[in-house]
Amino acid sequence: MIVFKHSKYLRLYLGYIKRKGLSIGFVPTMGALHEGHLSLISQSRKNTDITICSIFVNPVQFNNKDDFQKYPSSIENDILLLEEAGCDILFMPEEQEIYPDDASKVKHFDIGLIENILEGKFRPGHFQGVCNVVEKLLKIIEPSHLFLGQKDYQQCLVISRLIQLLNLNIGISICPILREPVGLAMSSRNRRLNENERKNAAILYETLNNIRNKLPEENFLKLKQAAISDLENKGFKIDYLELAKSDDLEILENSNSNNSLILLIAAFLNEVRLIDNLMVKD
Ligand code: PAF
């Protein structure tokens, strides 16, 4: 694996790859890699000629300073994991490389209603921050295909919209969520949970499954209320638990719809904020 810190040299190298007519698969990450990320690398390797991963903890997408400071980092282990997974290129820029000055952090993208619902409502500015960094990474790398994890489902839709806005010809694959044996969705933030919390956190997935199994016979709003009070009794603080159309995340009150639907949840367990989702009807 070749590691680049500077976009100038990365671009030169990628120019050579592209002149050979090879396709480039891109997996953007913030490091603290786990099997979920590695499954994206594996998908990219199956579908493209060259796989590039980026590791950059993007300060602009954190609306909470504490969350940014506590974001886990394990760069040496990440490099080993990427090598083992057969990643071809790692791009690991410094902040100065991505944001040379303050003005370079504040571009606004018209991503529509999706910006301020669900994650966007509870993390104001988060998706503009994601768009800012992803636009820069896409312009440097110019990949043929992007591999994203379904765990951040709303982010996947935001990035699709960004690609449309930028009029780029980049394919997107949304890859399935990988789970710990107890059912907890894999996430870099899980490292901040102790063993007991990890077991408890699996209740989020159980809750989504229970609701899915009871729909459409039972009323979603009643199921939601019961689930929230159950989770609160177990020590969770719920940001949201919603049923939505999977193509645009329009929030619904019931499952009487012919559209493909998704359940989404975000909750704090002590200090750690966890998200998960489950397709109801594909
Ligand atoms: O999902 C992530 O890790 C980040 O939001 C991303 C897409 C790498 C942008 O910083």
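Scope of this entry: the structure provided in the associated data block. Please read these numbers as outputs of a predicted model, since none were measured by experiment.

**Some words on helix α8 (residues 153-165)**
Note: α-helices contain 3.6 residues per turn, so residues at a spacing of three or four share the same orientation.
And step 1. Spanning 13 residues, α8 covers 19 Å between terminal C-alpha atoms, matching the ideal 18 Å at 1.5 Å per step.
And step 2. Within α8, burial applies to Tyr153, Gln154, Gln155, Cys156, Leu157, Val158, Ile159, Leu162 and Ile163.
And step 3. The elements touched by buried residues of α8 are α6 (119-122), α7 (126-141), β5 (145-149), β6 (171-175), β9 (261-269) and β10 (272-281).
And step 4. Positioned one or two residues after α8, Asn167 has a phi angle of 60°, which is positive.

**Describing the nonpolar core**
As a rule of thumb, nonpolar side chains are buried together in soluble globular proteins.
And step 1. If you look at the biggest cluster of nonpolar residues, it comprises 44 residues, and the most contacted ones within it are Leu10, Phe91, Ile141 and Leu249.
And step 2. The biggest single contributor to this core is α7, with 9 residues.
And step 3. Discounting chain neighbours no more than four positions away, the residues touching Ile141 are Leu10, Leu14, Lys18, Ile24, Phe26, Ile52 and Phe91.
And step 4. Counting 27 residues, the second-largest nonpolar core is a separate cluster that includes Ile211, Ile238, Val272 and Val280.

**Quick notes on the pattern of salt bridges**
And step 1. Taken as a whole and assessed by the stated rule, the structure comprises 19 salt bridges.
And step 2. With a shortest N-O distance of 2.8 Å, Arg273 and Glu119 are connected by a salt bridge. With Arg273 in strand β10 and Glu119 in helix α6, this residue pair connects regions lying 154 residues apart in the sequence. Side by side, Arg273 and Glu119 carry an identical accessibility label, which is buried.
And step 3. One continuous salt-bridge network, built from bridges that share partners, spans Asp67, Glu119, Arg123, Arg189, Arg192, Lys237, Asp239 and Arg273.

**A word on the pairing of strand β2 (residues 24-29)**
And step 1. Most of β2 is tucked away, with 5 of its 6 residues classed as buried.
And step 2. The pairing of β2 with strand β3 (residues 50-55) spans 6 bridges and is parallel. Residue Ile24 lies in a different strand from β3, and its bridge partner there is Ile50.
And step 3. Between β2 and its parallel partner β3, the chain crosses via helix α2 (residues 35-47), and the hand of that crossover is right-handed.
And step 4. Relative to β5, β2 runs parallel, the two sharing 2 bridges. Looking at β5, one finds that Gly25 is bridged to His145.

Cut-offs and rules
Residues numbered from 1 in each chain as written. Predicted model: local features only at pLDDT ≥ 70, side-chain atom pairs only at ≥ 80, totals over all residues. Heavy atoms only, no water. Helix = DSSP H or I, 4+ residues; strand = E, 2+ residues; numbered from the N terminus. Expected span 1.5 Å × (residues − 1). Buried < 20%, exposed > 50% of the residue type's maximum accessible area, 1.4 Å probe, protein only. Contact = heavy atoms within 4.5 Å. Core = buried A, V, L, I, M, F, W, Y, C linked by side-chain atoms within 4.5 Å. Salt bridge = Lys/Arg side-chain N within 4 Å of Asp/Glu carboxyl O. Pairing = 2+ DSSP bridges. Right-handed = clockwise from strand over helix to strand, strands pointing away.

No statement about biological role is implied by the geometric values presented.
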